[in-house]
Amino acid sequence: MERSCGMRKMKDNKWFWITAGCLVSWAIIFLWVQWVITSRAEAGVSARELEEEAYYDSLELLAVCVEAEAGNQSLDGKRMVADVILNRVDHTDWPDTIEEVITQPREFSSYWDGGMDRVWEPSEETFRAVQMELKARSWPELYYFTDDGWSRYGTPWKKVGDHYFSTR
């Protein structure tokens, strides 16, 4: 009779190895981030400067997303898409950062289908639309938009260009 060892069962368990691989990957990423932060601090970059850099990176991400989602739309159409993202950031039902809102699964198709990757640089008009909405939100009640009919979420409000916008 052959004796079976518990370790052998663990080695044969693919989920164990997948989980272990993920944990190792996260540990490597964590250590790399810590190294970058330490290197930046040693180079004389303050926490305030890092925070400011992260803020401007998030605004660039916002502009890239607006360009990918509404690059062929009017200035108002671009402003409305920016408002959808910014309104979600400010609402308790969604994540607190631009990046987290944009990268939520099944929310902004241009993030998930590679559309944002194809944006080399947002247009001047897109940057202007984002700046305008950062100064003062023109449509603070917009939370949803689609390009293929009214969203099943929210209350249909208005069609602008190719997009159907909905309020909460």
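Calculation criteria
- Residues numbered from 1 in each chain as written.
- Predicted model: local features only at pLDDT ≥ 70, side-chain atom pairs only at ≥ 80, totals over all residues.
- Heavy atoms only, no water.
- Pairing = 2+ DSSP bridges.
- Helix = DSSP H or I, 4+ residues; strand = E, 2+ residues; numbered from the N terminus.
- Axes fitted to C-alpha atoms, helices over the stretch in contact; angles between N-to-C directions.
- Contact = heavy atoms within 4.5 Å.
- pLDDT = per-residue confidence, 0-100.
- Expected span 1.5 Å × (residues − 1).
- Buried < 20%, exposed > 50% of the residue type's maximum accessible area, 1.4 Å probe, protein only.
- Salt bridge = Lys/Arg side-chain N within 4 Å of Asp/Glu carboxyl O.

Draft legend 1. Inspection of the sheet that holds strand β2 (residues 155-160) at higher detail. Strand order in the open sheet formed by three strands is β1-β3-β2, and the pairing between neighbours is antiparallel. Pairing within the sheet leaves two strands with one partner each, and these edge strands are β1 (142-146) and β2. Averaged over all pairs of adjacent strands, the angle between strand axes in this sheet comes to 30°, irrespective of strand direction. Alignment of β2 against strand β3 (residues 163-167), held across five bridges, turns out to be antiparallel. Bridge assignment links Pro156 to a residue of β3, and that residue is Ser166. Against the sheet, helix α4 (residues 75-90) touches β1, β2 and β3, its axis set at about 125° to β1.

Draft legend 2. Geometry of the environment of Trp120. Mapped onto the fold, Trp120 is located in the loop between α6 (109-112) and α7 (124-135). Taking the C-alpha atoms as reference points, Trp120 and Glu67, separated by 53 residues in sequence, lie 9.8 Å from one another.

Draft legend 3. Just the confidence of the model for the protein chain, in detail. Within the protein chain, residue pLDDT values average 86, and 82% of them lie at 70 or more. Between the elements of the protein chain, mean pLDDT differs from a low of 53, seen in helix α1 (residues 6-12), to a high of 97, seen in α4.

Draft legend 4. Inspection of helix α3 (residues 47-70) at higher detail. Taking 1.5 Å as the rise per residue, α3 with 24 residues should run 34 Å; its terminal C-alpha atoms sit 34 Å apart, in good agreement. Turning to α3, its buried residues are Ser58, Leu59, Leu62, Ala63, Val64, Cys65, Val66, Glu67, Glu69 and Ala70. Where α3 is buried, its residues meet α4, α5 (98-102), α6, α7, β1 and β3.

Draft legend 5. Structural detail: the pattern of salt bridges. Evaluated as defined, the whole model comprises seven salt bridges. Across the pair Asp76 and Arg79 runs a salt bridge whose closest N-O atoms are separated by 3.6 Å. Taken together, the positions of Asp76 and Arg79, both in helix α4 and three residues apart, correspond to about one turn of that helix. In this structure, Glu133 and Arg79 form a salt bridge, with 2.5 Å as the shortest nitrogen-oxygen distance. Of this pair, Glu133 sits in helix α7 while Arg79 sits in helix α4, placing them 54 residues apart in sequence. For Arg79, a relative accessible area of 13% gives the class buried. Put simply, Asp76, Arg79 and Glu133 are held in one network by salt bridges that share partners.

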